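In case you want the letters, here they are:
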Amino acid sequence: MKKFTCGDVVAGCSRTFEAPDSDAILAQVSGHARFDHGLVDVPAELVGQVLLAIREAA
Ligand SMILES: [Zn+2]
């Protein structure tokens, strides 16, 4: 499993995501970014930051 903490990229956000792979994390994060952070399209730079911040979850 992979884990991503939104606060690693967006200061002050406490949402966390877990999924079997990075693509599934990105899918969840893009929906979260749209609804909770007002980002209609997630910029490529932010996608890169998300990928770097994804950790292995036990
Ligand atoms: Zn967030």
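For the structure, check the block above.
Residues numbered from 1 in each chain as written. Predicted model: local features only at pLDDT ≥ 70, side-chain atom pairs only at ≥ 80, totals over all residues. Heavy atoms only, no water.

Engineer: Could you clarify how one ought to interpret the nonpolar core in this entry?
Structural biologist: As a rule of thumb, soluble globular proteins bury nonpolar side chains together. F4, C6, C13, F17, A19, I25, V29, V50, A53 and I54 together form the largest nonpolar core, which totals 10 residues. For this core, the secondary-structure elements that each account for two or more residues are β2 (16-19), α1 (22-37) and α2 (44-53). (Core = buried A, V, L, I, M, F, W, Y, C linked by side-chain atoms within 4.5 Å. Buried < 20%, exposed > 50% of the residue type's maximum accessible area, 1.4 Å probe, protein only. Helix = DSSP H or I, 4+ residues; strand = E, 2+ residues; numbered from the N terminus.)

Engineer: Looking at this model, I keep getting lost on the coordination of the zinc ion. Mind explaining?
Structural biologist: Each donor-metal-donor angle would ideally measure 109.5 degrees in four-coordinate tetrahedral geometry, or 90 or 180 degrees in six-coordinate octahedral geometry. Those donors, C6 (SG), C13 (SG), H32 (NE2) and H37 (NE2), are the protein atoms that reach the zinc ion, and they lie 2.0 to 2.3 Å from it. Geometry at the zinc ion is tetrahedral, judged from its 4 donor atoms and the angles of 101 to 115° they form at the metal. In primary sequence terms, the donor set of the zinc ion follows C-x6-C-x18-H-x4-H. Taken as a pair, C13 in the loop between β1 (2-5) and β2 and H37 in helix α1 lie far apart in primary sequence, 24 residues in all. What makes H37 partly exposed here is its relative accessible area of 31%. (Donors = N, O, S within 2.8 Å, 3.2 Å for Na, K, Ca; no water. Tetrahedral: all angles 85-135°; square planar, octahedral: opposite > 155°, others 65-115°.)

Engineer: Can you help me understand the packing of aromatic side chains in this one?
Structural biologist: The way to describe two aromatic rings as a pair is by their centre distance and the angle between their planes. For the structure shown, the criterion picks out 1 aromatic pair. Relative to F17, the ring of F4 has its centre 6.1 Å away and its plane inclined at 20°; by these criteria the two rings are stacked. Taken together, the residues F4 in strand β1 and F17 in strand β2 connect sequence positions 13 residues apart. Since its relative accessible area comes to 1%, F4 is described here as buried. (Phe/Tyr/Trp six-rings, centres within 6.5 Å; stacked < 30°, edge-to-face > 60°.)

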